Amino acid sequence: MNDRDTFTPMIEDALQEISDIIDCLYVTPNACARNQLLNRLRKQTSHLSKLMQGFPSGENQISPQPPVTRVFTAAELSQYDGRNGNPAYVAVNGTVYDVTNIAAWGGATHFGIVAGTDATSQFAVCHAGQPVLGKLKVVGKMNG
Amino acid sequence: MNTTSGSCPNFSMRLETASMLFHKAVDAVQQGQIPKRNLIWLELTGCAGNIISLLNGEDPDFKGLISQMVHYLYDNSLMAAEGEFAMDQLFDALDSDYILAVEGAVSTKDEGLYTIIGRWKGRPITAYEVIQTFGERAAHVIAVGTCASDGGISAARPNPAQCVGIQNLLNRKVIKLPGCPCHPDWFMGTLAYTLLFGEPELDARQRPLMFYSTLIHDLCPRRPCFDRGVFATQLGEDTCMFKLGCRGPVTRVDCPIRKWNDRVNWPIGDDGPCIGCAMFGFPDKMEPFVRFDTT
């Protein structure tokens with residue numbers, strides 16, 4: 001059995017699960033249940049992206065990053081401040097990361113840094129050499 | 001929701017750490033196995049919150065500390081002597097063997113003139129002077145609370161008196177017990193361990209691992225809510241306060257186990273988010289303490 005035969009049913013299962021969760025989200029008024037569904041959705045999309053990279057799913061693996069297509073201006077990035085329904089994005093070294101549900105970003109802030117900003121200089125001071133960025137989802141690049 | 005498991009050995013054993021060490025140290029002193037050493041407590045640029053917290057300790061308590069474990073030589077808030085007589089007691093101990101506990105940051109502007117701890121031989125003694133004089137000669141230095149450990153609230157923006165943590169002025173290792181205030185157990189356990197065995201095992205920021213090895217988030221009773229994405233949207237809800245700006249995921253200390261006020265409760269147990277008071281950078285880098293409308 002080749003890789004394609006192995007992964008195709010798994011990808012189809014994941015897509016079906018995602019579809020079911022989205023259906024549930026439409027009819028779920030309760031915020032608590034909706035959060036649980038969103039959590040499941042996040043796990044499925046993560047699982048799916050691993051499958052699409054041809055890697056088996058593993059608890060401790062760093063999520064493979066999907067191809068980056070979106071380019072942000074500073075003004076566009078500032079809209080993703082993690083408030084009022086907007087996700088929380090932060091830029092480091094020209095790459096934009098999603099920190100919406102990262103535990104260390106409580107209230108979409110982290111050691112005085114707010115989401116929607118470029119934190120390259122602060123990152124260099126506090127996290128240089130630490131493998132923290134590999135755990136974050138890439139959502140785009142900064143222009144220039 | 002907010003009760004921790006009494007059957008979990010991780011919880012029950014860690015709860016007993018300070019008490020166990022204290023009683024071992026007292027026994028060792030009484031049996032002559034270790035000397036009853038001198039303790040000097042300096043209150044520098046702060047609010048006296050750490051000595052008040054220490055007085056609130058319960059098994060081990062403050063009475064046991066001063067009567068059974070150490071010779072408590074100087075504490076400006078608690079000693080009977082006043083003025084020049086008190087300062088004489090302090091400086092008489094300078095050439096003895098002593099352990100130095102310090103609460104409060106050090107004001108450095110204008111050579112420390114904004115914090116004067118007393119007058120001795122007719123001249124003002126600044127915090128800036130006393131920490132350098134006593135800090136370098138002490139057998140061990142323990143920074144009690146966030147101000148002494150890292151500047152804390154005393155060094156918060158705009159920091160007009162240019163306060164710093166005591167490490168900035170000492171060319172030696174300082175054991176740091178950040179927390180606003182420091183829990184009585186953290187100090188008593190650390191002191192008892194030091195008397196018995198010498199310096200305890202410390203992390204990279206010189207905090208004793210026996211109290212500061214885990215994140216609040218690691219042991220939070222509301223962690224299952226975080227894992228399931230069940231978040232509070234306003235204060236008073238008994239779910240995970242991550243979206244309100246809880247600093248439990250970046251604050252390394254054992255509040256979820258130990259709690260406060262004789263182990264009655266703690267901030268998260270009363271539906272308020274952790275504000276990271278035991279984390280370096282508090283308060284400036286832990287703000288905002290609460291934030292609404294987070295996605």
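It should be emphasised that the depicted structure is a prediction, and the values quoted were computed from it without experimental measurement. (Residues numbered from 1 in each chain as written. Chains lettered and ligands numbered in written order. Predicted model: local features only at pLDDT ≥ 70, side-chain atom pairs only at ≥ 80, totals over all residues. Heavy atoms only, no water.)

## Focus on the domain arrangement of chain B
All names here are of chain B.
Working step 1: Each assigned domain of chain B is listed with its residue range as follows: domain 1 (5-210) and domain 2 (216-286).
Working step 2: Each of domain 1 and domain 2 has a C-alpha centre, and these two points are 26 Å apart.
Working step 3: Tallying the contact residues gives 28 residues for domain 1 and 21 residues for domain 2.
Working step 4: In total, domain 1 and domain 2 occlude about 2200 Å² of area from one another, counting both sides; carbon and sulfur atoms represent 58% of this.
Working step 5: Taken together, domain 1 and domain 2 are joined by two salt bridges.
Working step 6: Of the charged contacts in the structure, one is a salt bridge between Asp185 and Arg258, with a shortest N-O distance of 3.0 Å.
Working step 7: Linking domain 1 with domain 2 are 10 residue pairs in polar contact (both at pLDDT 80 or more).
Working step 8: The set of elements that each furnish at least two residues to the side of domain 1 that touches domain 2 consists of helix H1 (9-15), helix H7 (146-150) and helix H8 (184-197).
Working step 9: Sort the elements by how many residues they give to the side of domain 1 that touches domain 2 and H1 lands first, with four residues.
Working step 10: Split into classes, the residues belonging to the side of domain 1 that touches domain 2 amount to 11 nonpolar, eight polar and nine charged. (Domains from an automatic or database assignment. Contact = heavy atoms within 4.5 Å. Buried area = accessible area lost by both parts, 1.4 Å probe. Salt bridge = Lys/Arg side-chain N within 4 Å of Asp/Glu carboxyl O. Polar contact = N/O pair within 3.5 Å; in protein donor to acceptor, adjacent residues only side chain to side chain. Helix = DSSP H or I, 4+ residues; strand = E, 2+ residues; numbered from the N terminus. Nonpolar A, V, L, I, M, F, W, Y, C, P; charged D, E, K, R; others polar.)

## Brief notes about the sheet that holds strand E2 (residues 89-92) of chain A
Residues and elements named next belong to chain A.
Working step 1: An order of E1-E6-E3-E2 is seen for the four strands of this open sheet, with the pairing classed as mixed. Each edge of the open sheet carries a strand with a single partner, namely strand E1 (71-72) and E2.
Working step 2: Pairing between E2 and strand E3 (residues 95-98): four bridges, direction antiparallel. Within the sheet, the bridge partner assigned to Val90 lies in E3 and is Tyr97. (Pairing = 2+ DSSP bridges.)

## Considerations on a nonpolar patch on the surface
Working step 1: A surface patch of nonpolar side chains, amounting to about 320 Å² of accessible area, comprises Leu113, Tyr114 and Ile116 of chain B.
Working step 2: Examined against the element boundaries, Leu113 of chain B turns out to sit in the loop between strand E4 (106-107) and strand E5 (116-120). (Patch = residues over 30% accessible without salt bridge, like charges linked within 9 Å, V, L, I, M, F, W, Y side chains within 5 Å. Areas by Shrake-Rupley, 256 points an atom, 1.4 Å probe, with all protein chains shown as cover.)

## Comments concerning the layout of surface pockets
Residues and elements named next belong to chain B.
Working step 1: What the second largest pocket holds in volume is close to 240 Å³.
Working step 2: As for the second largest pocket, its lining consists of 18 residues, of which Asp150, Gly151, Gly152, Ala155 and Gly281 are closest to the centre.
Working step 3: Of the residues that constitute the lining of the second largest pocket, the class distribution is six nonpolar, seven polar and five charged. (1 Å grid on protein atoms, 1.4 Å probe; cavity = no way out; pocket = protein on both sides within 12 Å on 5 of 7 lines; lining within 4 Å. Points joined across faces, edges and corners; volume = space filled by probe spheres on them.)

## Considerations on the packing of helix H2 (residues 17-30) of chain B against H8 of chain B
Residues and elements named next belong to chain B.
Working step 1: Look at H2 against H8: their axes get within 8 Å of each other, and the N-to-C directions meet at 40°. Taken together, the axis directions place H2 and H8 in an arrangement best described as oblique. Every pair of crossing elements has a handedness; the one defined by H2 and H8 is left-handed. Here Ala18, Leu21, Phe22, Lys24, Ala25 and Ala28 of H2 come into contact with H8, specifically with Asp185, Met188, Gly189, Ala192, Tyr193, Leu196 and Phe197.
Working step 2: The residue makeup of the contact of H2 with H8, split by class, is 10 nonpolar, one polar and two charged. (Axes fitted to C-alpha atoms, helices over the stretch in contact; angles between N-to-C directions. Parallel < 35°, antiparallel > 145°, perpendicular 65-115°, else oblique. Left-handed = near helix turned anticlockwise from the far one by under 90°.)

## A few points about the side chain of Thr214 of chain B
Residues and elements named next belong to chain B.
Working step 1: Structurally, Thr214 is set in the loop between helix H9 (209-212) and helix H10 (216-219).
Working step 2: A polar atom in the side chain of Thr214 sits 3.0 Å from the side chain of Arg14.
Working step 3: When residues no more than four places from it in sequence are discounted, the contact partners of Thr214 are Arg14, Leu219, Thr251, Arg252 and Val253.

## Let's talk about the pairing of strand E3 (residues 98-103) of chain B
All names here are of chain B.
Working step 1: The buried count for E3 comes to six of six residues, which makes it a mostly enclosed element.
Working step 2: Side chains Tyr98, Leu100 and Val102 project from E3 onto one buried face, and the interleaved Ile99, Ala101 and Glu103 project onto a second face that is buried too.
Working step 3: With six bridges connecting them, strand E1 (residues 38-43) and E3 associate as parallel partners. Across the sheet, residue Ile40 finds its bridge partner in E3, namely Leu100.
Working step 4: Here E3 pairs with strand E7 (residues 140-144) via five bridges, running parallel. Across the sheet, residue Glu103 finds its bridge partner in E7, namely Val144. (Buried < 20%, exposed > 50% of the residue type's maximum accessible area, 1.4 Å probe, protein only.)

## Notes on empty space enclosed by the protein
Residue and element names in this part refer to chain B.
Working step 1: In total, this model carries one cavity of 30 Å³ or more according to the counting rule given.
Working step 2: Of the pockets and cavities examined, the largest cavity occupies roughly 100 Å³.
Working step 3: If you go around the largest cavity, the residues you meet are His217, Cys220, Arg222, Arg223, Phe226, Cys240, Met241, Phe242, Cys246, Gly248, Pro249 and Ile268.
Working step 4: Residue composition of the lining of the largest cavity, by class: eight nonpolar, two polar and two charged.

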